[in-house]
Amino acid sequence: MIIDIPEGKDPIGYVWGEMVPGIGVAASNFSLAVYSHSTLGLREFEAARLRIAQINGCLFCLDWRTDRNGETVEESFADDVTHWRTTENFDPRTRMAAEYAELYALDHHALDDEFFDRMKQLYTDTEIVELSMCLGSWLAFGRLNHVLGLDAVCVLPGHTAQ
């Protein structure tokens, strides 16, 4: 971790809540809203989230599995996300979510009319906006925590590490 944390302080609470409370609390609320208010299916949500985690290298995000009323993706899902182009375990929406996440993070200039024509065959405009906001949250905050070295101690607000 590159930030000096006072003895006895929770690293995430200190950095996000005490060091920059005007920004960190708002960012935390946005991050939590992505999980609390998403209407996307669990598999497409997790495919996009995990692809961003793989790209960011965020340790916590790689280990995290979204739980929706006791339902999570299977253990092999992360491997399928790594191989999203070829896995037989993804339906078209899940595969598209992983593709969108990868392009969003690595080559957003490639998100052209042809891409969105394909995406609109599977997702509504509202779902595209929602997924885009989720991607923005994961890309920004997962990368922030990884760069600062907080990802080894990160716990999402309202959740415990698994």
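Because the structure is a prediction, the values reported are computed rather than measured. (Residues numbered from 1 in each chain as written. Predicted model: local features only at pLDDT ≥ 70, side-chain atom pairs only at ≥ 80, totals over all residues. Heavy atoms only, no water.)

A.B. asks: Would you mind going over unusual backbone geometry with me for this structure?
C.D. replies: The phi torsion of most residues other than glycine is negative, and most of the peptide bonds are trans. Positioned with a positive phi, Asn 69 is a non-glycine residue whose angle comes to about 50°. Here Asn 69 lies in the loop between helix H4 (59-63) and helix H5 (77-82). Asn 69 gets classed as exposed once you look at its relative accessible area, which sits at 85%. (Helix = DSSP H or I, 4+ residues; strand = E, 2+ residues; numbered from the N terminus. Buried < 20%, exposed > 50% of the residue type's maximum accessible area, 1.4 Å probe, protein only.)

A.B. asks: How should the nonpolar core be read in this particular structure?
C.D. replies: Generally speaking, soluble globular proteins have nonpolar side chains that are buried together. In this structure, Tyr 100, Met 119, Tyr 123, Leu 131, Leu 135 and Trp 138 are the most contacted members of the largest nonpolar core, which totals 27 residues. Ignoring any residue separated from it by four or fewer positions in sequence, one finds Met 119 in contact with Met 96, Tyr 100, Ile 128 and Leu 131. Listed in part, the 10 residues of the second largest apolar core include Leu 42, Phe 77, Ala 78 and Val 81. (Core = buried A, V, L, I, M, F, W, Y, C linked by side-chain atoms within 4.5 Å. Contact = heavy atoms within 4.5 Å.)

A.B. asks: Teacher, can you tell me more about the pattern of salt bridges here?
C.D. replies: Pairing is possible between side chains of opposite charge, provided their charged atoms come close. Taken as a whole and assessed by the stated rule, the structure comprises 10 salt bridges. With a shortest N-O distance of 2.6 Å, Glu 46 and Arg 49 are connected by a salt bridge. Here Arg 49 and Glu 46 lie together in helix H3 (residues 42-56), a separation of three residues that amounts to about one turn. For the residue pair Glu 46 and Arg 49, the accessibility class agrees, reading buried in each case. The partner of Arg 118 in a salt bridge is Glu 114, and the shortest N-O contact between them spans 2.7 Å. Here the residue Arg 118 and the residue Glu 114 both occupy positions in helix H7 (residues 113-120), the gap between them amounting to four residues, near one helical turn. The class of Arg 118 is partly exposed, set by a relative accessible area of 29%. Exposure remark for Glu 114: the relative accessible area of 44% places this residue in the partly exposed category. Look at the salt bridges and you will find they share partners, linking Glu 44, Arg 93 and Glu 127 into a network. (Salt bridge = Lys/Arg side-chain N within 4 Å of Asp/Glu carboxyl O.)

A.B. asks: I'm lost on a nonpolar patch on the surface in this one. Help?
C.D. replies: A surface patch of nonpolar side chains, about 280 Å² in accessible area, is lined by Met 19, Val 20 and Ile 23. As for its position among the elements, Val 20 is in the loop between helix H1 (11-19) and helix H2 (21-37). What makes Val 20 partly exposed here is its relative accessible area of 37%. (Patch = residues over 30% accessible without salt bridge, like charges linked within 9 Å, V, L, I, M, F, W, Y side chains within 5 Å. Areas by Shrake-Rupley, 256 points an atom, 1.4 Å probe, with all protein chains shown as cover.)

A.B. asks: I keep staring at the packing of H3 against helix H6 (residues 92-106) and nothing clicks. Help me out?
C.D. replies: Helix-helix packing is characterised by the crossing angle of the two axes and by the distance between the axes. Between H3 and H6, whose axes approach to 8 Å, the crossing angle comes to 30°. Taken together, H3 and H6 sit at an angle that is classed as roughly parallel. Here the hand of the crossing between H3 and H6 comes out right-handed. Each of Arg 43, Glu 44, Ala 47, Ala 48, Arg 51, Ile 52 and Ile 55 in H3 lies in contact with H6, whose residues at this interface are Arg 93, Thr 94, Ala 97, Ala 98, Ala 101, Glu 102, Ala 105 and Leu 106. For the contact of H3 with H6, the per-class residue count stands at nine nonpolar, one polar and five charged. (Axes fitted to C-alpha atoms, helices over the stretch in contact; angles between N-to-C directions. Parallel < 35°, antiparallel > 145°, perpendicular 65-115°, else oblique. Left-handed = near helix turned anticlockwise from the far one by under 90°. Nonpolar A, V, L, I, M, F, W, Y, C, P; charged D, E, K, R; others polar.)

A.B. asks: Any chance you could explain H2 here in plain terms?
C.D. replies: Given 3.6 residues per helical turn, the α-helix brings residues three or four places apart onto the same face. If you check H2, its first and last C-alpha atoms are 23 Å apart, about what 17 residues at 1.5 Å a residue would give, namely 24 Å. Among the residues making up H2, those that are buried are Gly 24, Ala 27, Ser 28, Ser 31, Val 34 and Tyr 35. Take H2 and look down its axis: the buried residues cluster within an arc of 115°, on one side only. Residues Gly 22 and His 37 are exposed on H2 and point more than 90 degrees away from its buried face. Against H1, H3 and helix H8 (125-148) lie the buried residues of H2. (Expected span 1.5 Å × (residues − 1). Arc of directions from axis to C-beta.)

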